[in-house]
Amino acid sequence: MTPPVEKEQKSVRPERGRSARATENGITLQAGIFDQLHDAVITTDLQGNITACNKGVSLYGYAPEELGGKNIAGLYRPEEQVFLARQVIPTVLEKGRFEGELRSRAKSGEDVYVHLSMTLLRDPDSVPAGMVALAIDITDKKLLECALQEDQSRSADGTGVVAATVIRREINGTQFIMASTLMHKFMGMVDRVAGHTETVLVVGETGTGKELVARTIHESSHRRNKPLVDINCAALPEHLVESELFGYEKGAFSGADASKPGLFELADKGTIFLDEIGELQTQVQVKLLRVLDGAPYYRLGGHRKITVDVRVVAATNQDLELAVKEGRFRKDLYHRLSQFQLRVPPLRERPEDIVALAQHFLSLKAPEKTFSAEALTALQSHDWPGNIRELRNLVAQLAMAGAGKQITAVEIVADLSGEKPLAPHGGASLPLGNLDNMEEQMIISALERTGGHRAQAAEQLGISRRTLSRKLREYGIEVPSGDRMATLGTISHEQQKFFRAKVSLSVTLQNANGKECQAQAVNLSTGGMGLDSIPDPVAFTGLLDVSFLLPDSETVMQAKGRLVWADVGGKAGLRFVVIEPTLFQQLQHWTNRKMKDEGWEFPA
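Because the structure is predicted, anything quoted here is derived from the model rather than measured. (Residues numbered from 1 in each chain as written. Predicted model: local features only at pLDDT ≥ 70, side-chain atom pairs only at ≥ 80, totals over all residues. Heavy atoms only, no water.)

In this sheet, strand β2 (residues 50-53) lies alongside strand β1 (residues 40-44) in antiparallel orientation, the contact comprising three bridges. Paired with T44 across the two strands is I50, which belongs to β2. In this antiparallel pair of consecutive strands, β1 and β2, the connection spans five residues, and G48 shows a positive phi of 95 degrees. (Pairing = 2+ DSSP bridges. Helix = DSSP H or I, 4+ residues; strand = E, 2+ residues; numbered from the N terminus.)

What follows covers the confidence of the model for the chain. Overall, the predicted model of the chain reaches an average pLDDT of 80, with 85% of residues at or above 70. Counting contacts from residues 419-433, a segment whose pLDDT is below 50, to residues more than four positions away or on other chains yields 35 contacts. Scored below 50 in pLDDT, residues 481-485 shows twelve contacts in the model against residues more than four places distant or in partner chains. (pLDDT = per-residue confidence, 0-100. Contact = heavy atoms within 4.5 Å.)

For the rest of this paragraph, the subject is the sheet that holds strand β17 (residues 489-491). Spatially, β9-β10-β13-β8-β14-β17-β24 is the arrangement adopted by the seven strands of the open sheet, whose pairing is mixed. Each edge of the sheet is formed by a strand with only one pairing partner; in this case those strands are β9 (228-232) and β24 (600-601). In this sheet, strand β13 (residues 311-316) lies alongside strand β10 (residues 271-275) in parallel orientation, the contact comprising four bridges. Residue F273 lies in a different strand from β13, and its bridge partner there is V313. With respect to the sheet, helix α4 (residues 181-194) is in contact with β8 (200-203), β13, β14 (340-343), β17 and β24, its orientation differing from that of β14 by roughly 155 degrees. (Axes fitted to C-alpha atoms, helices over the stretch in contact; angles between N-to-C directions.)

Along helix α14 (residues 409-416), the residues that are buried comprise A409, I412 and L416. Each buried residue of α14 lies within a common arc of 65 degrees when the element is viewed along its axis, so the set occupies one face. Set apart from the buried face of α14 by more than 90 degrees, the exposed residues are V410 and A414. Tucked into the core, α14 has its buried residues touching β15 (370-371), α12 (373-381), α13 (387-400) and β16 (406-407). (Buried < 20%, exposed > 50% of the residue type's maximum accessible area, 1.4 Å probe, protein only. Arc of directions from axis to C-beta.)

Turning to the sheet that holds strand β18 (residues 501-510), a few remarks are in order. The strands that make up a sheet pair up through hydrogen bonds in the backbone, lying either parallel or antiparallel. If you trace the six strands once around the closed barrel, you get β18-β19-β20-β23-β22-β21, paired in antiparallel fashion. The sheet shows a mean angle of 45 degrees between the axes of neighbouring strands, direction not considered. Relative to strand β23 (residues 572-579), strand β22 (residues 556-566) runs antiparallel, the two being bridged by seven bridges. The residue bridging L563 from the neighbouring strand is L574, located in β23. Contacts from helix α19 (residues 581-598) reach β18, β19 (516-524), β22 and β23, with the element oriented near 135 degrees to β23.

Counting through the fold element by element, T51 comes out in strand β2. T51 gets classed as buried once you look at its relative accessible area, which sits at 2%. Among the polar contacts listed, one links the side chain of T51 to the side chain of T43, at a separation of 2.7 Å. (Polar contact = N/O pair within 3.5 Å; in protein donor to acceptor, adjacent residues only side chain to side chain.)

In terms of nonpolar packing, the biggest core is built from 54 residues, with L342 and F576 touching the most fellow members. Residue contributions to this core peak at eight residues, all from α4. The residues contacting F576, other than those within four sequence positions of it, are L524, S525, T526, G527, G528, M529, V546, F548, A559, K560, G561 and L587. (Core = buried A, V, L, I, M, F, W, Y, C linked by side-chain atoms within 4.5 Å.)

Among the five residues that make up strand β20 (residues 528-532), five are buried, leaving the element largely enclosed by the rest of the structure. Judged by which residues are buried, β20 turns out to be covered on both faces: G528, G530 and D532 on one side and M529 and L531 on the other are all buried. As judged from the four bridges shared by β19 and β20, these two strands associate in the antiparallel manner. Within the sheet, the bridge partner assigned to A521 lies in β20 and is L531. Counting the residues that bridge the hairpin from β19 to β20 gives three residues. One ladder, built from four bridges, connects β20 with β23; its direction is antiparallel.

Quick look at the structure:
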């Protein structure tokens, strides 16, 4: 007679020869029934280890027998693995269910988008026994969405020629429209930052869309299913800032008739957006610094410590470095907030976006109207000190004024004439005078918008770089040597070591027994690399000899390393343990160049 099994020792193991199996205590998956489904049905134990699955797991490129005993997280991309471990499984165990869209990874390495639904399974005594996951393939839907975005970026004349790559993102019902190369690059940096957990400081002029950037960071992060709480630090009365952020207890002050949680508590496990952070009072800055360092805090008038897990995104249009020098902002808080610093480019630096945004705003207010070519040139020639907010207001006025179907340059100049500022070079923003004068002014404006970057200025002007160089000589226009992009962001020294550049290079691994294998590196940092196509990761545990050719050089990198994770698809993460100082220095110089190419600057 088989001895009884204690409840705490229960486990769910796959039966041989079946693609789905019965869990204990009557929770049963009939193989014949569930194999008829095209969707993947997977049962796991309480840690996410796969105990059974149907033939629907072929959407991941696997047969059912390949997945027994593997963890379900191994079916997903590395960034989603963290989300599964820290958010999905705890949610299922706590609330009994999770549902959402995730990006998984097929055995072939291709992305597979799935709608994942996970439910907690209980035995007859209501004791949690495992979990069941239903994964529905929605890849075609995602590809269709991408195709529709491409169609929207095509020229309106029906030729099918893409005039400018217009990317549209919907953030909380607001269209985030980007047509310029500069903004495409900037949003790539935003997406990279979103995958981290550190604080982010978003800086930029008034009206550039800092709040939308902050919301994008939250929506693209692993915290997207948790609250986003935003507060304008400049809009709160001074005596209410601390109580609003950190809460208060009953009787803490006159009128406090009941206890109230602060915004940090409401944002627990989510993101808090502190707009106009430069307006924060000094005494509140001290408390905020302690919270960012993970220290518990007290509500106002309270005696119970509060601990929260919150990611902070802050924004300001002030020069915080100057505020630090003047003693208005704490230096330690500034450095703590600037783990990543993103600078939203002003509208004058991205003229392609002026056209895309103006046409978008006009379609919302007066879809029957259009801009003339001269009108669009006039819009691009303006400096836009109020940035997107100013452009939106101007278009709204133009849409309501006049009965004509086309808005002309004359109307735009007339609307701007009362308040239009002078351009930085001292002339009117709209080119004036003869053709030569206009051409010279347009060239100077393009160079100013691109920070002296000749290739980008030529692209904006619609001429070749050689033609631009000839025009510069003709007009005697001096340009600082070296093409320099305007800074889009600053990455702290602490975060630089976590920067991983995308690569595609062959890596040789050798274990302690002398066995070798070839793998493909997909990213590289000073701390390690992401690997693909390792034939047998189990055989390469322990200390490894690692060698590869450093990209864009003839340097053969040799190091000692260890695999710190691996999944069922042969992908793995490798951490460097020992690298010779000279080789490490070359690797560091290489990663620094990659960071600068991406748009990051280093703090002084």
